[in-house]
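Breakdown of the fold
The lines below spell out each chain.
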Amino acid sequence: MKERDSESFEALSQVLPNTSNATHMIQMAMVNSGSSAAAQAGQDQLDRSKWLLDCPEPPSPWHELKSQVMDSFRTKAKRFKSLRKQPLPKRILSILQAVFPIFGWGRNYKLTMFKNDVMAGLTLASLCIPQSIGYATLAKLDPQYGLYTSVVPPLIYALMGTSREIAIGPVAVVSLLISSMLQKLIDPEIDPLGYKKLVLTTTFFAGIFQASFGLFRLGFLVDFLSHAAIVGFMGGAAIVIGLQQLKGLLGITNFTTNTDIISVLRAVWRSCQQQWSPHTFILGCSFLSFILITRFIGKKNKKLFWLPAIAPLIAVVVSTLMVFLTKADEHGVKTVRHIKGGLNPISIHDLDFNTPHLGQIAKIGLIVALVALTEAIAVGRSFAGIKGYKLDGNKEMVAIGFMNVLGSFTSCYAATGSFSRTAVNFAAGCETAMSNIVMAVTVFVALECLTRLLYYTPIAILASIILSALPGLIDINAAIHIWKIDKFDFLALIGAFFGVLFGSVEIGLLAAVVISFAKIIVISIRPGIETLGRMPGTDSFADTDQYPMTVKTPGVLIFRVKSALLCFANASSIEERIMGWVNEEEDEENTKSNASRKILFVILDMSNLINVDTSGIAALVELHNNLIQTGVELVIVNPKWQVIHKLTQAKFVNKIGGKVYLTIGEALDACFGLKV
């Protein structure tokens, strides 16, 4: 095949040494062939080239935006018209189903489903109650605020959410975010009331942002935190949370407010040299071992899924009895003491919009909103995929946003979907979001009746419960997988991990986002360029590095840019690399055949390019001028609508003699006057 290509090239190089444009080449090919079929083929190529050059003007960005908005309004208008045709009761029901999905699945709800949801909800509550108390202490709040957050938000989500399995409540990472960032504004130990107001105001802002993302379809903002960044951030946060629990596990009184690993380890070392409680440490480690053992048994035997779920509650009950009976609180074991019971108090008056820290609170609310949404949607989609249904991302954002806004009115801090509790809910056989309602009612009963019994609950047990939940946040397998697939993504993971570990939560998130954007910029500035060759026995052209068996056409270099945009950031680089390849190829040909062969054409496949700016066009003009000086002609293949329109407007198509074709095969036929 290579020999045939070489013979064709040598024959044509004598006929077409200085071809100026596509029309002349096709005419010469028709004259030489003396065939009506060749003439017809040449005319067809000209016609197809005109298709490209005579296409209508593409819509402007403003027109595209206007069309998208109008399409959205048309869709809503059609729904509204269809609603108007329905009877009033059906119309009201349709509106309620759109806003509150519970009116949809509730119509087909059965008693057997309710039994499964009750069992799942009770199992969920047994895990939720001790975890909520622990996460509230992690957020530097009184224990009851964790229980409050497990009552109202799950009820709101059950009405508005679309996930059947997700378990709503306080989570470790969000609790750490709130405490680590807000305690820089107000010390919770010096001014607990002022700190509580900041937490509730932050929750309000987080809910507003989350609901806005859903209402205005801005969910893409959540994608700024890539999967790799979240894996690294979660891993670093888990270690930071674990180190902070050493305060409760060791019975330390004075502890650092910093979250970086060096400050925490320094504080632990100093406290251990001065004063710590061995009784507290032994008690905490004993029940931590018990919880971890039950979790191991639950993984080995799926039928015992309930055992690790109720283990934290068992640990709370048994340790509370032990402290009460042995009076260990008089021997250095610190306890929870008073937990305020009763229904969530109204807290609208606690929202502080006159604080001088309002701007910083809004920023923290945005960060909390993004992290909470990322975790909730990831958890919801994972289990929705297992059950075989699709999660509505926009509705999820609206539901989570509204539950946090209303939660801030009822003494709740930021809630989201918990992976560990959702896994328990799924394993317990939940059918619908009714399990969240059962859990919320159970927690409310505990608030009404059981808070006094928690007076002697050791703080070390709360620390051990939080520690037992942390291994699920460190996903080593995901980190290894990311390392194998994409080293740049792994760099974002490492940046988030070490940023959280040695800096702060904000630094970790910032590092992850910066590295992710740097990846995009580097790919844009230095896009790959493929040299193409024909696959043997076919009319397809592919990357010569990926497919070494491809056949190169003598006298022709075919390039394809692996980028969607030819712009100021990458245009010069692409032009320089193409010229470098042309010069290198000519030097190689001169060395091999003593200048008997020469590069005549450079074919640039633009099938990947979606758009081009003025810098990109200027680079193409410079590339064309440089090629002309070396006796090489530039040919364009398969430009997209926006690209060919801008090239035509800039009169670049005229400069290259109209050599624009639909396929690489047609470009070769036009260049050489026969099919290669």
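One structure accompanies this document, and this report is about it. Fair warning: this is a prediction, and the values are worked out from it, not measured in the lab. (Residues numbered from 1 in each chain as written. Predicted model: local features only at pLDDT ≥ 70, side-chain atom pairs only at ≥ 80, totals over all residues. Heavy atoms only, no water.)

In terms of regular secondary structure, the chain is built from 29 helices and 10 strands. Here the chain, with 676 residues, has 51% of them falling under the buried criterion. Taking contacts inside the chain between residues at least 6 apart in sequence as the whole, the part at least 24 apart equals 80%. (Helix = DSSP H or I, 4+ residues; strand = E, 2+ residues; numbered from the N terminus. Buried < 20%, exposed > 50% of the residue type's maximum accessible area, 1.4 Å probe, protein only. Contact = heavy atoms within 4.5 Å.)

What follows deals with the sheet that holds strand 10 (residues 660–661). Sheets are built from strands that pair by backbone hydrogen bonding, the pairs being arranged parallel or antiparallel. With respect to topology, 6 strands assemble into an open sheet ordered 4-3-5-7-9-10, the strand pairing being mixed. Since the sheet does not close on itself, it has two edges, and those belong to strand 4 (541–543) and strand 10, each with one partner. Note: strand 5 (residues 556–562) against strand 7 (residues 601–605), 5 bridges, orientation parallel. By the bridge assignment for strand 7, Phe-559 is matched with Leu-604. Of the strands in this sheet, strand 3 (528–534), strand 4, strand 5, strand 7, strand 9 (633–637) and strand 10 are in contact with helix 29 (residues 664–672), which crosses strand 7 at around 160 degrees. (Pairing = 2+ DSSP bridges. Axes fitted to C-alpha atoms, helices over the stretch in contact; angles between N-to-C directions.)

On to the packing of aromatic side chains, then. In this structure the tally under the stated criterion is 16 aromatic pairs. Here a set of aromatic residues connected by ring pairs shows up, and it is made of Phe-204, Phe-205, Phe-353 and Phe-409. Of note, Arg-164 hangs over the ring of Tyr-389, and the distance from its end group to the ring centre comes to 4.0 Å. (Phe/Tyr/Trp six-rings, centres within 6.5 Å; stacked < 30°, edge-to-face > 60°. Lys NZ or Arg CZ within 6 Å of the ring centre and 35° of its normal.)

The next point concerns empty space enclosed by the protein. Enumeration over the complete set of coordinates arrives at 2 cavities of 30 Å³ or more. Reported here for the largest cavity is a volume of approximately 70 Å³. Around the largest cavity, the lining residues are Val-561, Leu-566, Ala-571, Ile-574, Glu-575, Ile-578, Leu-604, Leu-609, Ala-619, Leu-620 and Leu-623. Mapped onto the lining of the largest cavity, the elements with two or more residues apiece are helix 25 (571–593) and helix 26 (614–629). The element contributing the most residues to the lining of the largest cavity is helix 25, with 4 residues. Looking at the lining of the largest cavity residue by residue, the class counts come to 10 nonpolar, no polar and 1 charged. (1 Å grid on protein atoms, 1.4 Å probe; cavity = no way out; pocket = protein on both sides within 12 Å on 5 of 7 lines; lining within 4 Å. Points joined across faces, edges and corners; volume = space filled by probe spheres on them. Nonpolar A, V, L, I, M, F, W, Y, C, P; charged D, E, K, R; others polar.)

Pairing is possible between side chains of opposite charge, provided their charged atoms come close. For the structure on display, the rule yields 9 salt bridges. Note that Asp-489 and Lys-519 form a salt bridge whose closest N and O atoms lie 3.1 Å from each other. With Asp-489 in helix 23 (residues 487–502) and Lys-519 in helix 24 (residues 505–525), this pair connects stretches of sequence that are 30 residues apart. What makes Asp-489 partly exposed here is its relative accessible area of 24%. Two residues, Glu-633 and Lys-659, come together in a salt bridge whose shortest N-O distance is 3.0 Å. Of this pair, Glu-633 sits in strand 9 while Lys-659 sits in the loop between helix 28 (652–655) and strand 10; the two residues are 26 residues apart in sequence, bridging distant segments of the chain. No difference in accessibility class separates Glu-633 from Lys-659, as the two residues are buried. (Salt bridge = Lys/Arg side-chain N within 4 Å of Asp/Glu carboxyl O.)

Let us now look at helix 10 (residues 172–182). Within helix 10, 11 of the 11 residues are buried, which leaves it mostly tucked inside the rest of the structure. Among all positions in helix 10, only Ala-172, Val-173, Val-174, Ser-175, Leu-176, Leu-177, Ile-178, Ser-179, Ser-180, Met-181 and Leu-182 are buried. Those residues of helix 10 hidden inside the fold are in contact with helix 7 (111–138), helix 11 (192–215), helix 12 (227–244), helix 17 (358–387), strand 2 (416–418) and helix 24.

This part takes up the side chain of Asp-350. Of note, Asp-350 is situated in the loop between helix 16 (306–326) and helix 17. Within the structure, the side chain of Asp-350 is placed 3.2 Å from the side chain of Lys-196, a separation counted as a polar contact. Other than its neighbours up to four places away in sequence, Asp-350 contacts Lys-196, Lys-197, Leu-200 and Thr-201. (Polar contact = N/O pair within 3.5 Å; in protein donor to acceptor, adjacent residues only side chain to side chain.)

That's the geometry; what it means functionally is another story.
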